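# Breakdown of the fold
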Amino acid sequence: MALTTVWITGDQCTPRNTALHGLDKHSTIVLFVESIARSREVPYHKRKLVLIFAAMRSFADDLRADGWTVDYRAEREDYEHPFREHVARYRPDRIRTMTQTQYGLDAALRAFAADLGHDLEITEHANFISTAAEFDELFARGQTRVTMETFYRKMRKKTGLLMDGEQPAAGAWNFDAENRKPPKRGMRFPPEPEVPPSVHVRDVIAFVERTFPDHPGVVGTFDIPVSRRDALAYADDFFRNRLANFGPYEDAMIAGEARLYHSRLSALINVGLLHPLELCERAELAYRSGEAPLSSVEGFVRQLIGWREFIWRVYWRLMPEYRTRNALGADLPVPAFYRDGETDMACQRDAHRTVRELGWAHHIVRLMILGNFALIAGVDPQAMTDWFWCMFVDGYDWVMVANVVGMTLHADGGFVGTKPYAASANYINKMSDHCGGCRYDPKKTVEDDACPYNALYWDFIARNEKRFASNTRMSLTMRNWASRDPAVKTAIRKRAAALRATLRAGGSF
Ligand SMILES: Cc1cc2nc3c(=O)[nH]c(=O)nc-3n(C[C@H](O)[C@H](O)[C@H](O)COP(=O)(O)OP(=O)(O)OC[C@H]3O[C@@H](n4cnc5c(N)ncnc54)[C@H](O)[C@@H]3O)c2cc1C
Ligand code: SF4
């Protein structure tokens, strides 16, 4: 009987793994390799390493319980030796794997297998719902860019999610306007569900602490599910206790309260434990049964079949050149406090504590605190992408490049968003409770105790005056800047230059 090896890598722990499709369990060996060298290529947050290795071990258990034969090679230095040992021992007739999510890796794996005398069969990715053709069709009439909203509506029609026949549920595609509430004083949130650590989690924590002691972040009380069963229970808790309030408070931020009503499901989806479609179907059920309002459910569905799919498709359409874009010529290094969290800016300090402890922060913290600061200060997009990639448990090249280079730093020249997500302290003060406890004053711009976001914001506008002059979505801001007194402009630019010089020299404030 011909023997097949199916190689499953870290972010492919999905029961829908397409490399397993159509294979006979009795003539297939499923191979897992934990590579220390790969995990050292960049300094990943410790919690991310724990999640990936423990998810691989749990998924291997699930496959064994389902009757598959598994060859699991734990804690190995590289891929090459265990892979060669596997081939020497089992002598497979063919080798299959699901496609990698990082540009260039499929080719590298093909070359690696060819060295061993095998043609690697590569199957489609299981955890996305769109096809490249569906995205490309939108450019068919010569368009150079397509909005997320256009693509999202196409995905709604394709999946039938929140559709009443040909029309969107309740007659509207988008409830964004209802989903921008600031936090309310004294808000209380449901308790975190308990995720008792499995044997695998305990073993892997010891392995990670021993092998990667210098990697950033803390493992802490490890509360991320690593098995499909625990991931489903975690998602169920979100649907029952948080989804109803997800929409209205999606953009709110509260000091010391990292999660609010967010799902914290991204890492579980990206590693394969959950599928976006099953989550959207469960969310739709909550709407249809009156458990959650449409504004929340639509907001959640849009994140998954809109933003997540859009980001994935942008990555594959524009790589490899996309990763190197730097349309605004930003060249500052990543600020020192992105590594040690030492800053007097209360919003930044809170964000870095959260990232250090959880390897996660919610979308608006990423976009409007961490990302916005890097945008207006002028931090190098590639260095910033690498920082995000390392520090987040849900970070992978495919999802970081378009989110950081595109959405956050506008370094793609406006492919992902027509307008940069740049904001002064005004936005942070409105959407959070950070400013009250900060040494800086969100209402001041040039004084010593003025919020750094303010001078940096206006300096960003001034630095890019020519570029944004023809951007209609920026016209109000550009007119505001143009109408200012020249002496005020000079003072703002002087303060911003001093702040940027401090950052360039590796200092903090
Ligand atoms: C600078 C920056 C970096 C980011 N890096 C990542 C990353 O490495 N990995 C990642 O999965 N997401 C990333 N995002 C997108 C988004 O912030 C996270 O998916 C989300 O915060 C994860 O938390 P959650 O699961 O509670 O999401 P929720 O707010 O509950 O949203 C539900 C789901 O929608 C999906 N989603 C929403 N927005 C996006 C988006 N822009 N891109 C991709 N998926 C999205 C995620 O799967 C998420 O779990 C980034 C966004 C920014 C601005
Ligand atoms: S004053 Fe500025 S630095 Fe301080 S919390 Fe508010 S926005 Fe952040």
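The coordinates are above.
The structure reproduced in this document is the subject of the present report. Just so you know, these numbers come straight off a predicted model, no measurement behind them.

For the pair helix α19 (residues 452-463) and helix α21 (residues 475-482), the least separation of the axes is 10 Å and the interaxial angle reads 100°. Regarding the angle of α19 to α21, the classification is roughly perpendicular. Of α21, the residues touching α19 (which contributes Y457, W458, I461 and A462) are T477, M478, N480 and W481. In terms of residue class, the contact of α19 with α21 is built from six nonpolar, two polar and no charged.

Counted under the stated rule, the structure contains 40 aromatic pairs. Taking the centre distance of 5.1 Å and the plane angle of 55° together, the rings of F83 and F112 count as tilted. Highlighted residues: F83 in helix α3 (residues 80-90) and F112 in helix α4 (residues 105-115), separated in sequence by 29 residues. Judged by relative accessible area, which is 1%, F83 ranks as buried. F112 gets classed as buried once you look at its relative accessible area, which sits at 17%. Relative to F310, the ring of W307 has its centre 5.9 Å away and its plane inclined at 80°; by these criteria the two rings are edge-to-face. Of this pair, W307 and F310 both sit in helix α12 (residues 294-318), three residues apart, which is roughly one turn of the helix.

Before going further, it helps to examine the pattern of salt bridges. Scanning all chains against the criterion turns up 44 salt bridges. With a shortest N-O distance of 3.0 Å, E75 and R210 are connected by a salt bridge. Within this pair, whereas E75 is found in strand β3 (residues 69-76), its partner R210 is found in helix α7 (residues 199-211), the two being separated by 135 residues in sequence. Taking the relative accessible area as the measure of exposure, R210 reaches 53% and is therefore exposed. Across the pair D223 and R264 runs a salt bridge whose closest N-O atoms are separated by 3.3 Å. Taken together, the residues span a long stretch of sequence, with D223 in the loop between α7 and α8 (228-241) and R264 in the loop between α9 (243-246) and α10 (266-271) at a distance of 41 residues. Its relative accessible area of 18% is what places D223 among the buried residues. Look at the salt bridges and you will find they share partners, linking R47, E192, D223, R242, R259 and R264 into a network.

The rules behind these values
- Residues numbered from 1 in each chain as written.
- Chains lettered and ligands numbered in written order.
- Predicted model: local features only at pLDDT ≥ 70, side-chain atom pairs only at ≥ 80, totals over all residues.
- Heavy atoms only, no water.
- Axes fitted to C-alpha atoms, helices over the stretch in contact; angles between N-to-C directions.
- Helix = DSSP H or I, 4+ residues; strand = E, 2+ residues; numbered from the N terminus.
- Parallel < 35°, antiparallel > 145°, perpendicular 65-115°, else oblique.
- Contact = heavy atoms within 4.5 Å.
- Nonpolar A, V, L, I, M, F, W, Y, C, P; charged D, E, K, R; others polar.
- Phe/Tyr/Trp six-rings, centres within 6.5 Å; stacked < 30°, edge-to-face > 60°.
- Buried < 20%, exposed > 50% of the residue type's maximum accessible area, 1.4 Å probe, protein only.
- Salt bridge = Lys/Arg side-chain N within 4 Å of Asp/Glu carboxyl O.

Read these as spatial facts, not as claims about activity.
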